[in-house]
Amino acid sequence: RDAAIRAHAALKDGWEEKNAKAFLSRLETHAYPSLGRLPVEEIDSGRISDALLPIWRSKPAMGRKVRQHIATVLNYANSKGWRTTEAPGKSVSVGLPNQPEGENYVAMPYEDVPAFFAYLMSKPDSGGRLALLLVILAPARPGEARKAQWKEIDFAKREWNRPAAHMKNRKAHTVTLNKPAMSLLKRLYDQRTPGPEDLLFPGRGRKPLSDMTLTRAMRLAKRPEDVHGFRSSFRDWAAENMPHIPDPVAEAAISHLVPDKVIRAYKKTTFPKMRRELLEAWGSFLFDEADDRS
């Protein structure tokens, strides 16, 4: 409890107001009953899982938020020397049952994504499969990939500058591109030598592919998940495998809006650097895991 209060006081100015207000109340209700009196050094994955179990399936969204809050407190405690390790990641998930499917897109478990990625790479090129590869690597919304034009790709800076018209929130957004994404795009560019207005993945009549084209690529691989769900796969992977990367950085990586004050809190030079580190690690995970399984 004391560590949570101190973490909140130190970090709240970099959070959205509603999240800052909810942070302590959520912990008060769902974490303090079992964890509140424990020294931070004694809080391990088993105790975190036990604290989350009562709400993990009945209130899945709240369970995920409380899990993130507990991790924030433990990572802050680690930074202050009150705890010798960062918050546990994968081991917490092992102690928790699968959450029920809700109204959100069905996401592929991130552990399965490298094998599926390798499957796509092994098949002949098609518009749907190529677009799906970029959706996974970026990670992007399907519509952002289907509508993307070559003028949006900055090869020198390794960036994808998505215009506001293509974004769900109608705000332009720049995403860092990892090495595998750059290799994919360079290969396509060299094959076609397209103009700046040309689509990355043209369909019939040089029009954007339909959303069903990407879905069909999933179904041909006998996968039941939604194309849109790869962003959730990425977020789950980031939460469990990159705990030193703050949540706002992962949110920015999937083009969720992050308040300017949060970016300022991490300094302009650090925020893009951490975003690139995160996306490069994701690209390595996709290829390294696929190699291990082949």
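Look above for the structure.
Residues numbered from 1 in each chain as written. Predicted model: local features only at pLDDT ≥ 70, side-chain atom pairs only at ≥ 80, totals over all residues. Heavy atoms only, no water.

Enquirer: Mind showing me how you'd approach the pairing of strand S2 (residues 159-162) here?
Expert: Two faces make up the sheet, and in a regular strand the side chains alternate between them. With burial as the criterion, only one face of S2 is covered, namely that bearing Trp160 and Arg162; the residues Glu159 and Asn161 on the opposite face remain uncovered. Bridging between strand S1 (residues 153-154) and S2 involves two bridges; their strand directions are antiparallel. Directly across from Asp154, in S2, lies its bridge partner Glu159. Here S1 hands over to S2 after four residues, with Arg158 in that stretch at a positive phi of 55°. Pairing between S2 and strand S3 (residues 173-176): four bridges, direction antiparallel. Bridge assignment links Glu159 to a residue of S3, and that residue is Thr176. (Buried < 20%, exposed > 50% of the residue type's maximum accessible area, 1.4 Å probe, protein only. Helix = DSSP H or I, 4+ residues; strand = E, 2+ residues; numbered from the N terminus. Pairing = 2+ DSSP bridges.)

Enquirer: What should I look at first to understand unusual backbone geometry in this one?
Expert: Keep in mind that most residues, glycine aside, have a negative phi and that most peptide bonds are trans. For the peptide bond that leads from Ala138 to Pro139, omega is -20°, which places it in the cis range. One can find Pro139 in the loop between helix H8 (127-137) and helix H9 (142-146). Non-glycine residue Arg158 carries a positive phi angle of around 55°. With respect to the helices and strands, Arg158 occurs in the loop between S1 and S2. Note on Arg158: relative accessible area 28%, which makes it partly exposed.

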